[in-house]
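# Examination of the molecular architecture
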Amino acid sequence: MSSVEVPLSHSSNPNDTFDVRQPKPSATFSPSIWGDHFLSYASLEVDAELEQHVQELKEEVRRMLTTSPENVSQKLNLIDDIQHLGVSYHFGNEIEEILQKIHKSSYDLDDLYTAALLFRLLRQQGYNVSCAMDQLPEYMKVCYRALLDVYNEIHEKLLHDGKLYRIHHAREAVLILNMN
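Residues numbered from 1 in each chain as written. Predicted model: local features only at pLDDT ≥ 70, side-chain atom pairs only at ≥ 80, totals over all residues. Heavy atoms only, no water.

Convention followed: UniProt positions are given in the numbering used here, feature names are shortened, and annotations may be inferred rather than shown by experiment.
The name given to the protein chain in an unreviewed UniProt entry is (-)-germacrene D synthase-like, and the organism recorded there is Pyrus ussuriensis x Pyrus communis. Within the UniProt record for the protein chain, the comment given under Cofactor (unreviewed entry) is "Mg(2+)".

This is the structure:
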């Protein structure tokens, strides 16, 4: 067999060639200190048991999601945990159904954390919800009234300075939240 010579494309000299039939140098590496331990570790029996356990855990989580929602806060926290674990794609239908029911119903959310969690989860699922959600707790209304008083004070100062237009939009937004 005759050797085939191919021009080197990276060479500055167009007459430089190499022989493609010439064997390439090989590297010899020392054997791994682990040997083939990890290659022989996986067995079909272990995989079948693991798959069975995974299926059982998925069904347990599915049961937790589909039981009647006695406590909306617990359901929302469960959905949030499932999403943080990165396994929500296994329970997409169940999560969608729960959030759809919660979105259609009105719940008296008594703490800011649960209201914020509901708002975030609904927005992540593509629901169009306002930041007030019509369920603003009574203790938050006190905060908004105090904020509205601050805006009234700023209103008086800006009126005196001739820059009243700056406060109008902020004040209207607080009024809307306070009425909900």
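## Here's the deal with the overall build of the protein chain
To keep it simple, the criterion reads: In this description a helix means any DSSP run of H or I spanning at least four residues, a strand means any run of E spanning at least two, and both kinds are numbered starting from the N terminus. Buried, partly exposed and exposed residues are distinguished by accessible area as a fraction of the type maximum, computed with a 1.4 Å probe on protein chains only: under 20%, between the cut-offs, and over 50%, respectively. A contact between two residues is defined here by any heavy atoms of the two lying within 4.5 Å. All accessible-area figures derive from a Shrake-Rupley calculation using a 1.4 Å probe, and residue coverage is judged against the displayed protein chains alone.
Of the regular secondary structure elements, the protein chain holds 6 helices and 2 strands. Ordered by position from N to C terminus, the α and β elements of the protein chain give β-β-α-α-α-α-α-α. Taking all 180 residues of the protein chain together, 22% fall into the buried category. Taking all contacts inside the protein chain whose residues are at least 6 apart in sequence as the whole, residues at least 24 apart take part in 48%. A total of about 13900 Å² of accessible surface is found on the protein chain, and carbon and sulfur atoms cover 56% of it.

## With respect to the nonpolar core
Quick note on the threshold: We define the nonpolar core as a collection of buried residues of types Ala, Val, Leu, Ile, Met, Phe, Trp, Tyr and Cys that are connected through side-chain atoms lying within 4.5 Å of one another.
Formed by 19 residues in total, the largest nonpolar core has its most connected members in L65, L76, I79, I95 and L99. Secondary-structure elements contributing two or more residues to this core are α2 (72-85), α3 (92-104) and α4 (112-124). Excluding residues within four positions of it along the chain, L99 makes contact with L76, I79, L121, L122, Q125 and Y127.

## Digging into the packing of α2 against α4
Test applied: What counts as an axis is a line fitted to C-alpha atoms, over the stretch in contact for a helix, and the angles between N-to-C directions run from 0 to 180 degrees. Angle categories are assigned with fixed cut-offs, so that under 35 degrees is roughly parallel, over 145 is roughly antiparallel, 65 to 115 is roughly perpendicular, and the rest are oblique. Note on convention: the crossing is left-handed when the near helix lies turned anticlockwise from the far helix by less than a right angle, right-handed when the turn is clockwise. Under the grouping applied here, Gly and all other residues not named as nonpolar or charged are polar, the nonpolar ones being Ala, Val, Leu, Ile, Met, Phe, Trp, Tyr, Cys and Pro and the charged ones Asp, Glu, Lys and Arg.
Close contact between α2 and α4 brings their axes to 10 Å; oriented N to C, the two are set at 50°. When the axes of α2 and α4 are compared, the pair comes out oblique. Of the two possible hands of crossing, α2 and α4 adopt the one that is left-handed. Every residue of α4 that contacts α2 at S73, L76, N77, I79, D80, Q83 and H84 is listed here: Y113, T114, L117, L118, R120, L121 and Q124. Of the residues contributing to the contact of α2 with α4, the split by class is 6 nonpolar, 6 polar and 2 charged.

## With respect to the pattern of salt bridges
Which entries qualify depends on this criterion: Every case where a carboxyl oxygen of Asp or Glu lies within 4 Å of a side-chain nitrogen of Lys or Arg is listed as a salt bridge.
The full count for this structure, using the stated rule, is 5 salt bridges. A salt bridge links K157 to D161, with the nearest nitrogen and oxygen atoms 3.2 Å apart. With K157 and D161 both in helix α5 (residues 138-161) and 4 residues apart, this pair spans about one turn of that helix. With relative accessibility at 54%, the residue K157 sits in the exposed group. In this structure, a network of salt bridges that share partners links the residues E59, R62 and E94.

## Quick look at the packing of α2 against α3
Packed helices, taken two at a time, are described by their axes: the angle between them and the distance between them. For the pair α2 and α3, the least separation of the axes is 11 Å and the interaxial angle reads 145°. For the pair α2 and α3, the sense of crossing is left-handed. Side by side, α2 and α3 meet where V72, K75, L76, I79 and I82 of the first sit next to I95, I98, L99 and I102 of the second.

## Focus: the confidence of the model for the protein chain
As a reminder of what qualifies: For every residue, the predictor states its confidence as a pLDDT score lying anywhere from 0 to 100.
Overall, the prediction assigns the protein chain a mean pLDDT of 78, with 74% of residues at 70 or greater. Per-element averaging of pLDDT across the protein chain places strand β1 (residues 5-7) at the bottom with 55 and α2 at the top with 93.

## Comments concerning α2
Here is the rule: How far a helix is expected to stretch is found by multiplying one less than its residue total by 1.5 Å. We define a polar contact as two N or O atoms separated by no more than 3.5 Å, with the added condition that, inside protein, one atom must be a possible hydrogen donor and the other a possible acceptor, whereas residues neighbouring each other in sequence contribute only through side-chain atom pairs.
Counted at 1.5 Å a residue, the expected span for α2 with its 14 residues is 20 Å, and the 20 Å between its end C-alpha atoms agrees. Along α2, the positions that sit buried rather than exposed are V72, K75, L76, L78, I79, D80 and I82. Two or three places before S73, at the start of α2, stands the capping residue N71, its side-chain oxygen 3.0 Å from that residue's backbone nitrogen. Within two residues after α2, G86 carries a phi angle of roughly 80°, on the positive side.

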